[in-house]
Amino acid sequence: MNNTWGLLGPEFLPNTRRTRNLGLGASVRSFNDLAVPGLGGVWYGKQLLLATLGVAVAETARSRGTKVQNIEAANAIEALACWLAFKSNDWGTDARLRGSTKLQGKDDFSFRYVRQRNFYVTQPIRMATVQALPALGFVESDGSRFNAFHCSTAGKDFIEQATAGYRPRNRTIIEHLTLWVQMKENNVDTDALRQVLSPLEPLPNELIPLLRERLIQGGNEHPEDKQRRTNALTWVESLRRDKPDRLMWTQQPVMISEEHWHDLRSGALFFEVRDATITALDTLEAHIGGRSNGQHYSLKEPIPDSLKAPIEKLKSAAREYLDAKHVNEDAKKFCNECIADNSSRILRSLVERDGHVLRLLGDEIKPGPAFRGAAPQATADDQDQETSHARNIPLPANISNRMRNLYRLNLDMLGELDSWLNLEADRSKE
């Protein structure tokens, strides 16, 4: 399914033309942070390495007088990593790679070109690491902006262990990439760089204890956040080992505290409200798009038959969330809006919050700038690949995507991610 929830969806940003924030981004981020603190959208180890490398290389280049931002260096290194990976697998699709369309056919990887904004994708993998890098202690920063990050001692150790033994042109990886960023070296199509950078190549076994220690110890975080992440890691490892059928919310694992479980369950209920909301708005959009008398709908009209079931499902999901009595006030306010007795009031509230796909003018609902007039169709973009690969993890319904990310990251640390992704790809073909 093409996710149109924007900041309310999983830990990536979909096509901005269809973003629906609905004023609830903070609530979604809160539920994700309560589920697995500090993980962001990370689900395999090379994400962390590429982003940390970007920070370290940019710092080194700046120390030599080259003007370059962390984001420029990190995006360029990521583009290079994906290009090298695509070349190695004959441009086959893989959930860990982005930019097959943008990168195919390009052969000049001089930094002056790669640093340009239109060279690579608009939503790089790096975006998923912005929270994780400082939370796990790979960088230090006084703020949350990627350009303000500085590589920490742990980050430098991470890079050193990941790149040890690889010497393109008899240089360290950091030195070679720094010269590239300084536009003093253009030869980046080397086997050493591919093995270190490619998301398809596993992290060295010697590096895994450091990564696992970072997940457990973290950076400058609250002890409760570290404990939750540690407990969640223990849980997903038990799922990997025992391979149960999909779990129900009545099956609380022993390593997850009552408070943590309540947050996980409440978040899942809220995400169910999210899905029901999107279904209702998509159904309304399709109704307006299919009208022969103009693309609009008046709230004074009777509710269309096609909308009755989606609205009832939304009301039911909202009541269930409210019954959980979670402390998130913004989510509570939204769900109260979704249980109004008058269906037209519910639609008015939803469209007022939207304003992007649908907009409200008085009592009239009309197309917004992202209006398509039909339910979104399934797509095969990079983010959809990531989401589809996570559907068969045996976790309770609607749980935060961060728990699925942690499950896959644990597989990666154990050297099992490749085989798991291949199995999931085979299942998707059945």
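Quick summary incoming for the structure in this document. (Residues numbered from 1 in each chain as written. Predicted model: local features only at pLDDT ≥ 70, side-chain atom pairs only at ≥ 80, totals over all residues. Heavy atoms only, no water.)

What to know about the overall build of the protein chain
- Each helix and strand in the protein chain was counted, giving 18 helices and five strands.
- Along the first, second and third principal axes, the C-alpha set of the protein chain runs to 75 × 50 × 45 Å.
- Classification of the 430 residues of the protein chain by burial places 56% in the buried group.
- The contacts of the protein chain with a sequence gap of at least 6 include a subset with a gap of at least 24, amounting to 67%. (Helix = DSSP H or I, 4+ residues; strand = E, 2+ residues; numbered from the N terminus. Buried < 20%, exposed > 50% of the residue type's maximum accessible area, 1.4 Å probe, protein only. Contact = heavy atoms within 4.5 Å.)

Examining the sheet that holds strand 4 (residues 358-361)
- The antiparallel open sheet is built from three strands, whose spatial order is 3-5-4. Lying at the two open borders of the sheet, with one neighbouring strand each, are strand 3 (297-298) and strand 4.
- Pairing of strand 4 with strand 5 (residues 364-367), which is carried by four bridges, proceeds in the antiparallel orientation. Bridging across to strand 5, L360 finds its partner in I365.
- On top of the sheet, helix 12 (residues 258-289) reaches strand 3, strand 4 and strand 5; it is set at about 75° to strand 4, its chief contact.
- Along the sheet, helix 15 (residues 343-354) makes contact with strand 3, strand 4 and strand 5, crossing strand 4 at roughly 110°. (Pairing = 2+ DSSP bridges. Axes fitted to C-alpha atoms, helices over the stretch in contact; angles between N-to-C directions.)

Re the side chain of S198
- Summarising the element assignment, S198 is placed in the loop between helix 9 (191-197) and helix 10 (208-217).
- Dropping the residues within four chain positions of it, S198 is found in contact with K46, A81, A85 and L193.

Details of the nonpolar core
- The biggest cluster of nonpolar side chains holds 88 residues, and the ones touching the most others in it are L177, W180, L197 and W235.
- The next biggest cluster of nonpolar side chains, apart from the first, holds 37 residues, and it includes I311, L358, A370 and F371. (Core = buried A, V, L, I, M, F, W, Y, C linked by side-chain atoms within 4.5 Å.)

Describing the packing of aromatic side chains
- All told, the structure shown has 16 aromatic pairs when counted by the stated rule.
- Between the aromatic rings of F86 and W91, the centroid separation amounts to 5.0 Å while the plane-to-plane angle is 5°, which identifies the pairing as stacked.
- Plain terms: the ring middles of F146 and F149 are 5.3 Å apart, the flat faces sit at 55° to each other, and that makes the pair tilted.
- Note on F149: relative accessible area 0%, which makes it buried.
- The structure contains a cluster of three or more aromatic residues connected by ring pairs, namely F31, F270, F271, Y321 and F334.
- Sitting above the plane of the F119 ring, K106 keeps its charged end 4.0 Å from the centroid.
- Here the guanidinium or amino end of R126 rests over the ring plane of F146, the centre of that ring lying 5.0 Å away. (Phe/Tyr/Trp six-rings, centres within 6.5 Å; stacked < 30°, edge-to-face > 60°. Lys NZ or Arg CZ within 6 Å of the ring centre and 35° of its normal.)

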